[in-house]
Amino acid sequence: MTHPLLDLAPLSAAHFASIEDRVARLLSTEQDVLITQGEALLPLEGAIRGAAGPGTTALNVITGPYGQTFGDWLRDCGATVYDLAVPFHTAVTAAQIQEAFAEHPEIDFVSLVHAEAATGNTNPVAEIGEVVRAHGALFYLDAVASIGAEPVLPDAWGVDLCVIGAQKAMGGPAGVSAVSVSSRAWARMAANPHAPRRSYLSLLDWKERWIDGGRRALLHAPAQLEMLALEACVVRIEEEGLDTVMSRHAAAAAATREGVRALGTGFEPYVYEASAAAPVATTLRTPEGVDASGLVARALAADPSLPLAAGGGALAKEMIRVNHYGPAATLDAVQSSLSALRTALTEA
């Protein structure tokens, strides 16, 4: 059997490194960038386990389900964790971060999700970064959903560990991800006796055997098809222009919020303030008494290609996500989604 995706030449170390360089340019960063061979949960967990341990005092910001997961990992590492949870229909503020430092000045690690696609909110990372920097804490950021939909600037914002994935706004593969690592973060990991070593979760292994070796020898055979897909994805963004890609997402988000109000059917934006709403996806609150998961199922039965999903867990009854990201970051996709929801609601 022959196929264009089979029998490919091995991906060289130089080619692998060139893709990392492209991702670094996408982030406008001078930090080390590692492309990790797995979905973004791999570097998200690896970065926490590498940088945190007994003796770490962490401020874990919860604006959605991923923030809850990070707190669990931090506690499992032996860190002392203070959770700062805000309602999922809003965003955390820099003032709240400042108050947490005032109450617990020993905090030396801050974990935050930039945009929560699951809840539809986005957090003011630039302002929060100023507060974190002023207190000298290490700043860990999940930018998996935000990259490509809104600015992600690790260097300018003082982010020490910034994890991204390509499967949402970038419109790329889910099987590879990346993390930018500051010199401060590398030093924290090197001093952490509990940091994973000789492990799939180990960022230090990549640092010592890949980066420090001049990126001449890969640790293992890379996920070749995913790496090539990531390269094609970044090239496509370069050709369209990152600002243009982000503008498409912002326009789709604005159109969704305006559209649900124009429908007059009782749908409302789940995130109250537009300034706290993520461009990557818009969450909607269903009319009272209407089951969100049933409504989405009805809409998708008519058109399975629509970028619609019900909220997860307890939110499945009241929240609908319009996932206008990547190829679906268009006004046509928004209009089709809202029309389908209106029809499904009328039928229900």
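Whatever comes next refers back to the structure up there.
So, here's what we can say about the structure.

1. Thoughts on helix H10 (residues 242-263)
Next, step 1: When the terminal C-alpha atoms of H10 are compared, their 32 Å separation across 22 residues agrees well with the 32 Å that a helix rising 1.5 Å per residue should span.
Next, step 2: Listed as buried for H10 are Val-245, Met-246, His-249, Ala-252, Ala-253, Thr-256, Arg-257, Gly-259, Val-260 and Leu-263. Taken around the axis of H10, the buried residues stretch over an arc of 165°, which confines them to a single face. Across from the buried face of H10, at angles greater than 90 degrees, the exposed residues are Asp-243, Glu-258 and Ala-262.
Next, step 3: Residues of H10 that are buried make contact with helix H9 (224-240), strand E10 (268-269), strand E11 (282-285), strand E13 (319-322) and helix H12 (331-347).
Next, step 4: Residue Gly-264 follows H10 closely and has a positive phi angle near 65°.

2. Focus: the packing of aromatic side chains
Next, step 1: Scanning the model with the defined rule gives six aromatic pairs in all.
Next, step 2: Through successive ring pairs, a cluster of aromatic residues spans Phe-70, Trp-73, Phe-109 and Tyr-140.
Next, step 3: The ring of Trp-186 has Lys-207 sitting right over it, with the charged end atom 5.7 Å from the ring centre.

3. Digging into the side chain of His-114
Next, step 1: Within the secondary structure, His-114 is located in the loop between strand E4 (109-113) and strand E5 (115-116).
Next, step 2: Overall, His-114 belongs to the buried group, its relative accessible area being 2%.

4. Structural notes on the side chain of Thr-256
Next, step 1: Position of Thr-256 among the secondary structure elements: in helix H10.
Next, step 2: Thr-256 gets classed as buried once you look at its relative accessible area, which sits at 0%.
Next, step 3: Within polar-contact distance, the side chain of Thr-256 engages the backbone oxygen of Ala-252 at 2.7 Å.
Next, step 4: Aside from chain neighbours lying at most four places away, what touches Thr-256 is Thr-282, Leu-284, Val-322, His-324, Val-334 and Leu-338.

Reading the values: the criteria
- Every residue gets a number counted from 1 within its own chain, in the order that chain's sequence is written.
- Since the coordinates come from a predicted model, pLDDT governs what is reported: local features require at least 70, and pairs of side-chain atoms require 80 or more to be given and counted, while whole-chain, interface and lining totals use all residues.
- Excluding hydrogens and water, the side-chain values take into account all heavy atoms of the structure.
- By the criteria applied, helices consist of DSSP H or I runs no shorter than four residues and strands consist of E runs no shorter than two, each listed in order from the N terminus.
- One less than the residue count of a helix, multiplied by 1.5 Å, gives the span that helix is expected to have.
- When accessible area is computed with a 1.4 Å probe and restricted to protein chains, residues below 20% of their type maximum are described as buried, those above 50% as exposed, and intermediate ones as partly exposed.
- Throughout, the arc means that of the directions going from the helix axis to the C-beta atoms.
- We call two residues in contact when some of their heavy atoms are within 4.5 Å.
- We call Phe, Tyr and Trp rings a pair once their centres come within 6.5 Å, taking the six-membered ring for Trp, and we label the pair stacked below 30 degrees between planes, edge-to-face above 60, and tilted otherwise.
- As a reminder, the over-ring test applies to NZ of lysine and CZ of arginine, requiring each to be within 6 Å of the ring centre and within 35 degrees of the ring normal.
- Within 3.5 Å is the distance limit for a polar contact, defined as a pair of N or O atoms, with the added protein rule that one can donate a hydrogen and the other accept it, and that residues adjacent in sequence qualify only through two side-chain atoms.

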